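A closer look at the structure
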Amino acid sequence: MTSGSATDRVFLTVITYPEGMSHNDVAELLADGGGLDAPSLRMILKQTPPCIAGRYDRGSALGALRALIKAGGDGFAPTMADIEALGPTLKIKDLRLGAGGLEADLWRGPSATINPDAIQIIVRAHLSEKILKPRSGVTGTSILTSYTRPGASSVAIGWGMGGAYGLALGLYAGGGFSPEAREERTVVLSHKLDIHTADDRVFQIDGDKFAYLILGDQRGYSDNENTDKMCELLAHLSPNAVVDPYFSYWHPPPGHQRLRLLQMKINKDDPAFAFYSRWAALMYRHVMRG
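Residues numbered from 1 in each chain as written. Predicted model: local features only at pLDDT ≥ 70, side-chain atom pairs only at ≥ 80, totals over all residues. Heavy atoms only, no water.

**Notes on the sheet that holds strand β4 (residues 89-98)**
With mixed pairing, seven strands are arranged side by side in an open sheet as β6-β5-β4-β11-β10-β7-β12. Each edge of the open sheet carries a strand with a single partner, namely β6 (112-114) and β12 (242-244). In this sheet, adjacent strand axes meet at a mean angle of 35 degrees when their direction is disregarded. In terms of strand pairing, β4 meets strand β11 (residues 202-206) through three bridges, oriented parallel. Residue pairing in the sheet places K91 in a bridge with Q204 of β11. Sheet strands touched by helix α7 (residues 223-237): β4, β5 (101-106), β7 (119-127), β10 (190-197), β11 and β12. Its angle to β10, the strand with the most contacts, is close to 15 degrees. Relative to the sheet, helix α9 (residues 271-289) contacts β4, β7, β10, β11 and β12, its axis offset from that of β7 by approximately 145 degrees. (Pairing = 2+ DSSP bridges. Helix = DSSP H or I, 4+ residues; strand = E, 2+ residues; numbered from the N terminus. Axes fitted to C-alpha atoms, helices over the stretch in contact; angles between N-to-C directions. Contact = heavy atoms within 4.5 Å.)

**Comments concerning α7**
Between the first and last C-alpha of α7 there are 21 Å, a value that for 15 residues agrees with the 21 Å anticipated at 1.5 Å per step. Restricting attention to buried positions, one finds in α7 the residues N226, T227, D228, M230, C231, L234 and A235. (Expected span 1.5 Å × (residues − 1). Buried < 20%, exposed > 50% of the residue type's maximum accessible area, 1.4 Å probe, protein only.)

**Description of the side chain of Q47**
Following the sequence through the fold, Q47 ends up in the loop between α2 (38-44) and β2 (51-57). Filtering out sequence-adjacent residues up to four positions away, Q47 remains in contact with Y17 and H251.

**Some words on the sheet that holds strand β3 (residues 74-76)**
An order of β2-β1-β3 is seen for the three strands of this open sheet, with the pairing classed as antiparallel. A single partner strand is all that each edge strand has here, and the edge strands are β2 and β3. For this sheet, the mean angle separating the axes of adjacent strands, direction not counted, is 25 degrees. Judged from the six bridges that link them, strand β1 (residues 9-16) and β2 form a sheet pairing that is antiparallel. Counterpart to L12 in the pairing with β2 is G54. Seen against the sheet, α9 touches β1, β2 and β3 and runs at an angle of roughly 130 degrees to β3.

**Considerations on the nonpolar core**
Counting residues in each nonpolar core, the largest one holds 34 residues, and the members touching the most others are Y172, F275, Y276, W279 and Y284. When contributions to this core are tallied by element, the ones reaching two or more residues are β1, α4 (80-84), β7, α6 (163-173) and α9. The dominant element in this core, judged by the number of residues it contributes, is α9, at eleven residues. If near-sequence neighbours (up to four positions away) are discounted, Y276 is found in contact with V123, Y172, D244, Y246, F247 and W250. Counting 23 residues, the second-largest nonpolar core is a separate cluster that includes I92, L102, I119 and L193. (Core = buried A, V, L, I, M, F, W, Y, C linked by side-chain atoms within 4.5 Å.)

**Some thoughts on the environment of L68**
If you trace the backbone, L68 turns up in helix α3 (residues 58-70). Sequence-wise, L68 and V14 are 54 residues apart; in three dimensions their C-alpha atoms are separated by 8.3 Å.

**Observations regarding the packing of aromatic side chains**
For the structure on display, the rule yields ten aromatic pairs. Ring geometry for F11 and F275: centres 5.0 Å apart, planes at 75 degrees, overall edge-to-face. Here F11 is found in strand β1, whereas its partner F275 is found in helix α9, with 264 residues between them in sequence. The residues F11 and F275 share a single accessibility class, namely buried. Judged by centre distance (5.5 Å) and plane angle (20 degrees), the ring pair of Y246 and Y249 falls under stacked. Both residues of the pair, Y246 and Y249, count as buried. (Phe/Tyr/Trp six-rings, centres within 6.5 Å; stacked < 30°, edge-to-face > 60°.)

**What to know about the pattern of salt bridges**
Close approach of charged atoms allows side chains of opposite charge to pair. Counting across every chain of the model gives eleven salt bridges. The salt bridge partner of D8 is R58, with a shortest N-O separation of 3.3 Å. Within this pair, whereas D8 is found in the segment before β1, its partner R58 is found in helix α3, the two being separated by 50 residues in sequence. The partner of D206 in a salt bridge is K91, and the shortest N-O contact between them spans 2.5 Å. One end of the pair, D206, is in strand β11; the other, K91, is in strand β4, and 115 residues separate them in sequence. When its relative accessible area of 3% is taken as the criterion, D206 is described as buried. When salt bridges with common partners are traced through the structure, they connect D94, R96, E103 and D105 into a single cluster. (Salt bridge = Lys/Arg side-chain N within 4 Å of Asp/Glu carboxyl O.)

Scope: geometric values only; no functional claims are made or implied.
Below, the structure written as structure tokens:
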């Protein structure tokens with residue numbers, strides 16, 4: 001990586017490749033545009049975009065981005081400060097449907113009202129999961145198959161359709177992921193649902209600390225099932241929100257563990273997921289703007 005102070009370094013993110021280009025082509029394009037190391041980029045860009053190509057000084061990254069965009073691709077380059085600016089995780093203790101929207105009692109801090117129309121991005125994740133064993137000819141990792149198996153749930157069907165769901169699906173579709181082709185050998189210890197609102201707040205439903213009382217008679221017997229149902233409810237109330245279940249595909253970049261958020265230790269935030277959730281929110285907002 002090139003030199004530069006920590007405050008002037010950015011996470012060079014490739015969102016989409018120019019049409020017809022391979023990862024090797026894009027590596028050369030970025031290297032030529034920003035004076036970056038092509039062999040390193042070729043290795044990193046074996047990941048399926050959207051992905052972070054590395055942390056570079058701002059000038060080099062912006063040069064690489066200009067070359068990418070000129071060729072017909074897309075990307076952006078947030079700083080750690082941009083990611084941290086989305087603020088702490090506001091953990092929800094209880095949630096109710098009220099006249100003014102979703103009334104949230106928080107574990108720390110005063111109650112809050114969430115306007116469903118203000119929900120922009122919903123990030124669903126299973127933490128502490130093992131890599132799924134691929135079947136013959138399939139490589140990589142996957143989210144749980146219950147999300148992607150056709151007909152597995154109304155949430156799965158929704159994620160396969162158009163609208164805002166299709167934005168996340170479309171960005172990741174180019175990688176040829178086929179989660180249904182993987183054998184499910186996953187141990188999940190925690191279920192998270194991050195809710196990003198238009199005023200840059202990040203609320204979280206944590207399966208370890210949420211009773212799912214809002215589901216009423218629909219409440220199931222497992223955190224996995226109930227988190228799915230909460231995602232379905234939020235998507236129903238906020239039909240324009242982007243739903244992202246792709247944390248398991250993502251490779252944390254060097255430096256992500258330096259993320260610092262208020263009450264991060266008290267909240268027991270997973271650094272990789274906290275970083276991903278905020279990075280993904282910035283990425284989708286970038287795409288939706290233009």
